[in-house]
Amino acid sequence: MRGQIILSHGSDSGPDATKVSALAALAESLGWRTQRPDYRADDARGHAGSVAPRIARLRATIEALDAPPLLVGSSMGAFVSGLVSLDVPVAGALLLATPSGIPGYARAFDLRRDVPTMLIHGWRDDVCPLAGVHAFAAQRRLPLLVLDDDHRLSASMEMIAAQFRHMLDRLVASS
């Protein structure tokens, strides 16, 4: 096994969602172990109310591992993946449709500075406007791939999978 990947789904979704399922299958085919925490009970608390329980669940999952994992998150899953990276070691992050903030939640999106990160967003994302993640990526000089897609990024799975595979290859080469 090459390492551990934790894939975090977005709100109004689940661990069997299309994106996290497809990326988990790709990673597993390349010899990676994957986990997909189920945040649906946390999401019942509403967007702002779900952040702290999601962070606690993801942090506990990471702390149970013997090595820092790669985090993959979509929307709310991306938001909490970034915040968790501030507190526990992670090997990298692939963050999709990342919100710059959650209305009603005090903290803005953040990410530990030394975490290898790739951000992917849709030009037509009407849930998490591009401007917020673009400003964050510009400030940190992080790679940001903007695709002709909406919040779900469902028309871009082939490109997302290619970027994910490239990230996995880089992690293997650096270990």
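A short tour of the structure in this document, coming up. (Residues numbered from 1 in each chain as written. Predicted model: local features only at pLDDT ≥ 70, side-chain atom pairs only at ≥ 80, totals over all residues. Heavy atoms only, no water.)

**Here's the deal with the nonpolar core**
Here is the rule we go by: Joining through side-chain atoms within 4.5 Å is the link that ties buried Ala, Val, Leu, Ile, Met, Phe, Trp, Tyr and Cys residues into a set, and such a set is a nonpolar core. A 1.4 Å probe rolled over the protein chains alone gives each residue an accessible area, and that area as a share of the maximum for its type sets the label: buried under 20%, exposed over 50%, partly exposed in between. A run of H or I in DSSP counts as a helix once it spans at least four residues, and a run of E counts as a strand once it spans at least two, with each numbered from the N terminus. Contacts are assigned to residue pairs with any non-hydrogen atoms lying within 4.5 Å of each other.
Ranked by internal contacts, the top residues of the largest apolar core, which has 28 residues, are V51, L58, I62, F79 and L111. When residues of this core are traced back to their parent elements, those giving at least two are helix 3 (47-63), helix 4 (76-85), strand 4 (92-96) and helix 5 (130-140). It is helix 4 that contributes the most residues to this core, six residues altogether. With sequence-adjacent residues up to four places away left out, V51 is seen in contact with M76, F79, V80, L83, I102 and Y105. Counting 24 residues, the second largest nonpolar core, distinct from the first, contains V72, L96, I120 and L168.

**Description of the pairing of strand 6 (residues 144-147)**
What counts, and what does not: Strand pairing is defined by DSSP finding a minimum of two bridges between the two strands. For a crossover, the right-handed case is the one in which the path from the first strand over the helix to the second runs clockwise, viewed with the strands pointing away from the viewer.
A one-sided burial pattern is seen for strand 6, the buried positions being L145 and L147 and the unburied ones L144 and V146. With four bridges connecting them, strand 5 (residues 117-122) and strand 6 associate as parallel partners. Paired with G122 across the strands is L147, a residue of strand 6. For the crossover from strand 5 across helix 5 to strand 6, the handedness is right-handed.

**So, the environment of Q4**
Considering the arrangement of structural elements, one finds Q4 in strand 1 (residues 4-8). C-alpha separation for the pair Q4 and I160, spaced 156 residues apart in sequence, amounts to 19 Å. Ignoring sequence-local partners within four residues, the contact set of Q4 consists of W32, R33, T34, Q35, L65, P69 and L70.

**A few points about the sheet that holds strand 4**
The condition is simple: To obtain each axis, a line is fitted to C-alpha atoms, and for helices this fit is confined to the stretch in contact; angles are then taken between N-to-C directions over 0 to 180 degrees.
If you trace the six strands from one edge of the open sheet to the other, you get 2-1-3-4-5-6, paired in parallel fashion. The sheet is open, and its two edges are formed by strand 2 (33-35) and strand 6, each paired on a single side. On average, adjacent strands in this sheet sit at an angle of 15° to one another, irrespective of strand direction. Bridge analysis of strand 1 against strand 3 (residues 70-74) gives four bridges, and the strand direction is parallel. Following the sheet pairing, I5 is matched in strand 3 by L70. The strands touched by helix 4 are strand 1, strand 3 and strand 4; relative to strand 3, the strand with the most contacts, the crossing angle is about 145°.

**What to know about unusual backbone geometry**
A positive phi angle is found at D12, which is not glycine, with a value near 55°. Summarising the element assignment, D12 is placed in the loop between strand 1 and helix 1 (18-29). Taking the relative accessible area as the measure of exposure, D12 reaches 73% and is therefore exposed. Of note, L153 is a non-glycine position whose phi angle comes to about 55°, a positive value. Relative to the helices and strands, L153 resides in the loop between strand 6 and helix 6 (157-174). Residue class for L153 comes out buried when judged on its relative accessible area of 0%.

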